[in-house]
Amino acid sequence: MNETPHAGYVIETRGLTKRYGQKVAIDHLDLAIESGNIHAIVGANGAGKSTLFRILLGFLPATSGEARILGRDSRRLTPSDRERIGFVNEEHTLQGWMTVAAVTAMQRRQYPRWNQAAFDEVIGHYNVQASQKVSQLSRGERAGFNLALSLAQRPELLVLDEPTLGLDVVAKRAFLETLLHSHAMAGCTVIYCSHQMEEVERVADNLIIMERGALRNISPPDDFRSRVSHWVADIPFRGPDPRTIPGLLDAQRIDGIHHYLVLDQGEEFAEFLHACGARDVHRLPVSLDRAVNSFLSKQHAAPVAA
Amino acid sequence: MARTRALPIQIATGDPRPIGKQIVDAVRMRIATGELEPGAQLPSVRGLAQQLTINPNTVAKAYAELTAEGWLESRQGLGLYVAPPRQRLSAAERDRRMDEAIQAFVHEVVALDYPPDRAIARLDKALGVLAKKSA
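If you're wondering where the values come from, they're calculated on a predicted model, not measured in any experiment. (Residues numbered from 1 in each chain as written. Chains lettered and ligands numbered in written order. Predicted model: local features only at pLDDT ≥ 70, side-chain atom pairs only at ≥ 80, totals over all residues. Heavy atoms only, no water.)

Visitor: I'd like a description of the environment of Asp250 of chain A, backed by residues and values.
Guide: All names here are of chain A. With respect to the helices, strands and loops of the structure, Asp250 is situated in strand S12 (residues 248-254). Taking the relative accessible area as the measure of exposure, Asp250 reaches 26% and is therefore partly exposed. Contact partners of Asp250, with chain neighbours within four places excluded, come to His259, Tyr260 and Leu261. (Helix = DSSP H or I, 4+ residues; strand = E, 2+ residues; numbered from the N terminus. Buried < 20%, exposed > 50% of the residue type's maximum accessible area, 1.4 Å probe, protein only. Contact = heavy atoms within 4.5 Å.)

So this is what it looks like as structure tokens:
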């Protein structure tokens, strides 16, 4: 699914930097996202995701560096370039006083490549009547309406910024089903920003992790997950000084047993633990959720209780 | 033509096993227990992805792994089917597992204090069912 006819990158930045006064929001970011598939972008609040999209869509100037979207310079996007990009954000902001029919008619006039079949297919997942005012729709229905409008645009790139935030379980499921299985998605590259790892695990072909305005990972989710391992070690008395533990992401001592989450450590880590006096050492796999969260919270790791 | 068999499996997110691995394990288990018989057709990639609300590429990768291991076979233009059980294990691995099975059986029989000749007679009868099944 989701193969686009265009080779190359849908998003490309080189040395992209954005400063707000003293604060650096984007820090010399080199990012290249290939066309096709679903790419999830995760990062803590303030990682620079929103700033990045505002720059890419041409709403905000960069301090320095280059940003390209669908091969075009973000600073010089024409209306016909914008037609190729669908954007759905968490607010699902639409004209509340208009009816669903009126908003749809307006969008249909605005987009020459309007795909009525795609609109009908997607909106069919939701109980939305044409005569309803947008303000009368539930949050989930508004999300579905928004997605239907975006896909009817026939976008080559669909950017979803926390699209399921605040939706109930049923509405979330309907949204994911459309995203994963709708015929309207054919040929569309998806950028999916979310904090919800449960969804990321279901949808993402590729996992992009941003931290403090910089790229920290770009790989299939399972490749990233396999970089993180959980070690359980029975070390009598004190464990090693956390500063000496290679690749440490998180350390805990539970019932006198030491638990370490580490990055990029192979079997040699067992030797390290044995050298620290460990009697019994076990290596466990971790969930994607835990791998990502420990990676992102590394900066805030608490010191290990001795 | 064989009809597609339902594949009543579940996946869990937040599990240490990747979703693709969970699918591989579940399908192997169903074949090994005989719930999925040789010749049964599996759901399409799109169908299973819809059933589980996951990315179809994840299902495609799991199916590719099962096919490479000899659990499934692809029939041109028709889909994926459970493969006949022969080519899955090497001769050495088969011998090793057979030794294991015999050891386990012998240990149980010892614990039961059951006369060997009667144990062999019972075993012979039990294996007769297998012989019929593979004939």
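From this point, the discussion proceeds with the structure in view.
Visitor: Which residues make up the interface of chain A and chain B, and what are the values?
Guide: On the chain B side, the residues contacting the 20 residues of chain A number 18 residues. Taking both sides of the interface into account, the surface hidden between chain A and chain B amounts to around 1,600 Å²; carbon and sulfur atoms contribute 48%. Our enumeration of links across chain A and chain B arrives at 0 salt bridges. Applying the counting criterion to the chain A and chain B interface returns 14 residue pairs in polar contact (both at pLDDT 80 or more). Those elements that place two or more of their residues in the side of chain A that touches chain B are helix H6 (169-181), helix H7 (197-203) and helix H8 (221-225) of chain A. (Buried area = accessible area lost by both parts, 1.4 Å probe. Salt bridge = Lys/Arg side-chain N within 4 Å of Asp/Glu carboxyl O. Polar contact = N/O pair within 3.5 Å; in protein donor to acceptor, adjacent residues only side chain to side chain.)

Visitor: Describe the pattern of salt bridges, listing the residues and the values that go with them.
Guide: All names here are of chain B. Enumeration according to the criterion identifies 24 salt bridges over all chains in this entry. Here Lys21 ties to Asp25 by a salt bridge, and the two come within 2.9 Å at their closest N and O atoms. With Lys21 and Asp25 both in helix H1 (residues 19-32) and 4 residues apart, the pair spans about one turn of that helix. By relative accessible area, Lys21 is classed as partly exposed at 36%.

Visitor: So what about the environment of Pro240 of chain A? Which residues, and what values?
Guide: Residue and element names in this part refer to chain A. By the element assignment, Pro240 lies in the loop between strand S11 (228-234) and S12. On the basis of relative accessible area, Pro240 is assigned to the buried category, the value being 14%. Put simply, Pro240 and Phe272 are 32 residues apart on the chain and 9.6 Å apart in space, counted from C-alpha to C-alpha. What Pro240 contacts, discounting residues up to four positions off in sequence, is Ile235, Ile245, Tyr260, Phe272 and Cys276.

Visitor: Any details on the sheet that holds S11 of chain A? Residues and values, ideally.
Guide: Strand pairing within a sheet occurs via backbone hydrogen bonds; the two strands may be parallel or antiparallel. Residues and elements named next belong to chain A. Spatial strand order, S12-S13-S11-S14: 4 strands in an open sheet with antiparallel pairing. The open sheet terminates on both sides in strands that have one partner only, identified here as S12 and strand S14 (280-284). Ignoring strand direction, the axes of neighbouring strands in this sheet form an average angle of 20°. When S11 meets S14, the two strands line up antiparallel, connected through 5 bridges. Within S14, the residue paired with Trp231 across the bridge is Arg283. Lying over the sheet, helix H9 (residues 268-275) contacts S11, strand S13 (257-263) and S14, oriented at roughly 25° with respect to S11. (Pairing = 2+ DSSP bridges. Axes fitted to C-alpha atoms, helices over the stretch in contact; angles between N-to-C directions.)

Visitor: Now, about the sheet that holds strand S5 (residues 72-73) of chain A: what can you tell me, with residues and values included?
Guide: Residue and element names in this part refer to chain A. With antiparallel pairing, the 4 strands of this open sheet are ordered in space as S2-S1-S4-S5. At either end of the open sheet lies a strand with only one pairing partner, and these are strand S2 (23-34) and S5. Note that strand S4 (residues 64-69) and S5 share 2 bridges and pair antiparallel. Note on S5: the bridge partner recorded for Ile69 is Arg72.

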